[in-house]
Amino acid sequence: VGGAGAITKVVGLTQDHWESTRTGEYRVFTKAFPAITAIPSIGGYHDDILNTERILALKPDVILIGRSQFAANNQRIALLERVGVAVIVIDYHAMKLENHVLSTRILGRLLERDAVADSLIDECITGLTEITHRIALLPDGRKHRTVYMELGNLGPGQYGNSYNSTILWGAIIKRLNAAGIAETMPEPYGALTREFVLSKNPEIVIIGGSIWGNDHADQMRMGFTVAREDAVRRLEGFKRRPLWENLRAVKTNDFYGVDHGSLRNMIDYTLTLYLAKILYPNTFQEVDPMGDMRAFYAKYLPALKFDGTFMIKCAR
């Protein structure tokens, strides 16, 4: 929303573990915008821990936080508000169009970039509306395909998190009138067992990747700086899990990799489009989600080198 100029307005950032949690993203963004590395950290990038004392010392006018940070930091937030810091919650986590739109509109107003925010919103709404319209025209018998989505941060040897229908990939699958096998899971996310996955025998398998700085060298890697050959090789490792040769998705090679790090912003409608193309190939035959994503970055962050692997299908 703010473009490169917005960085000058940022006095603090949740930088702790950003590099180890989203290594490719960190490398690309800090190379394009090196001033980011000089911004003090105010807490964890991938957890809800905020450093209140450091925030107060930086004397911000506004703090932008996500909804899980807001829920986990009630006392800290109350303190910040008492000393005059405006606290604004933005939500790109629930994958609700209305939350994406309102969050972006807030950022546009805050950064005095309403026109850019409106442009982002128009592209997102247009893309998602067209997806919904096309699917609505399909007969019910072509919908409700079963999907297993798993985060591949632990490698093929362990089962990573899946998502119910309220957040992230689970919410996207629900939007597309597909049947995520984890959609009724009580918690928003959690690992399914091998026995459960085999019993559901999904028609489609999607493995989410990033570059995580953990000990699992065979983790699924996707996103910025990841070579396509490396991503495909890692995806094939998941396909070769014990007993998975019996899954419908493996037999038909409906086996895909997606970049987990590209969710939670206005560009993620392109990943919804990619999943729509997977689920309904004839209905979305001519669409180009990868081309849309590339054009999106070129338009809104031209200084960033858009390089990596974001959407793939497993080779036979």
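Conventions and cut-offs
- Residues numbered from 1 in each chain as written.
- Predicted model: local features only at pLDDT ≥ 70, side-chain atom pairs only at ≥ 80, totals over all residues.
- Heavy atoms only, no water.
- Helix = DSSP H or I, 4+ residues; strand = E, 2+ residues; numbered from the N terminus.
- Buried < 20%, exposed > 50% of the residue type's maximum accessible area, 1.4 Å probe, protein only.
- Areas by Shrake-Rupley, 256 points an atom, 1.4 Å probe, with all protein chains shown as cover.
- Lys, Arg positive; Asp, Glu negative; His and termini not counted.
- Charge placed at Lys NZ, Arg CZ, Asp CG, Glu CD.
- Pairing = 2+ DSSP bridges.
- Contact = heavy atoms within 4.5 Å.
- Axes fitted to C-alpha atoms, helices over the stretch in contact; angles between N-to-C directions.
- Phe/Tyr/Trp six-rings, centres within 6.5 Å; stacked < 30°, edge-to-face > 60°.
- Lys NZ or Arg CZ within 6 Å of the ring centre and 35° of its normal.

Peer 1: What should I look at first to understand the overall build of the chain in this one?
Peer 2: Counting its secondary structure elements, the chain contains 13 helices and 11 strands. When its C-alpha atoms are laid out on the principal axes, the chain stretches across 60 × 45 × 35 Å. The 316 residues of the chain split such that 50% are buried. Carbon and sulfur atoms make up 53% of the accessible area of the chain, which totals about 15000 Å². If you average the places of the 37 positive and of the 35 negative side-chain charges in the chain, the two averages end up 3 Å apart.

Peer 1: Would you mind showing me how to read the sheet that holds strand β9 (residues 255-259) here?
Peer 2: Neighbouring strands of a sheet are bound in pairs by backbone hydrogen bonds; such pairs are parallel or else antiparallel. What the five strands build is an open sheet, ordered β5-β3-β7-β9-β11; its pairing is mixed. Both edges of this open sheet fall to β5 (179-180) and β11 (311-313), since each of them pairs with a single strand only. With five bridges connecting them, strand β7 (residues 204-209) and β9 associate as parallel partners. Bridged to glycine 208 within β9 is valine 258. Against the sheet, helix α10 (residues 228-239) engages β3 (146-151), β7, β9 and β11, with an angle of about 55° to β11.

Peer 1: Can you walk me through the side chain of threonine 272 in this structure?
Peer 2: Considering the arrangement of structural elements, one finds threonine 272 in helix α12 (residues 269-279). Aside from chain neighbours lying at most four places away, what touches threonine 272 is Leu128, Ile131, Ile172, Arg175 and Leu176.

Peer 1: When you look at the packing of aromatic side chains in this model, what are you seeing that I'm missing?
Peer 2: Centre distance and the angle of the planes are the two values used to describe a pair of aromatic rings. Tallying each qualifying case throughout the model produces 17 aromatic pairs. With centroids separated by 6.5 Å and ring planes inclined at 50°, the aromatic side chains of phenylalanine 29 and phenylalanine 33 adopt a geometry described as tilted. With relative accessibility at 17%, the residue phenylalanine 29 sits in the buried group. Between tyrosine 159 and tryptophan 244, the ring centres sit 6.0 Å apart and the planes meet at 80°, which makes this aromatic pair edge-to-face. Of this pair, tyrosine 159 sits in the loop between β3 and β4 (161-163) while tryptophan 244 sits in the loop between α10 and α11 (248-251); the two residues are 85 residues apart in sequence, bridging distant segments of the chain. Neither residue differs from the other here; tyrosine 159 and tryptophan 244 are each classed as buried. Aromatic rings pair up to connect Phe29, Phe33, Phe224, Tyr297, Phe306 and Phe310 into one cluster. Positioned above the aromatic ring of tryptophan 244, the side-chain terminus of arginine 241 is 4.8 Å from the ring centre.

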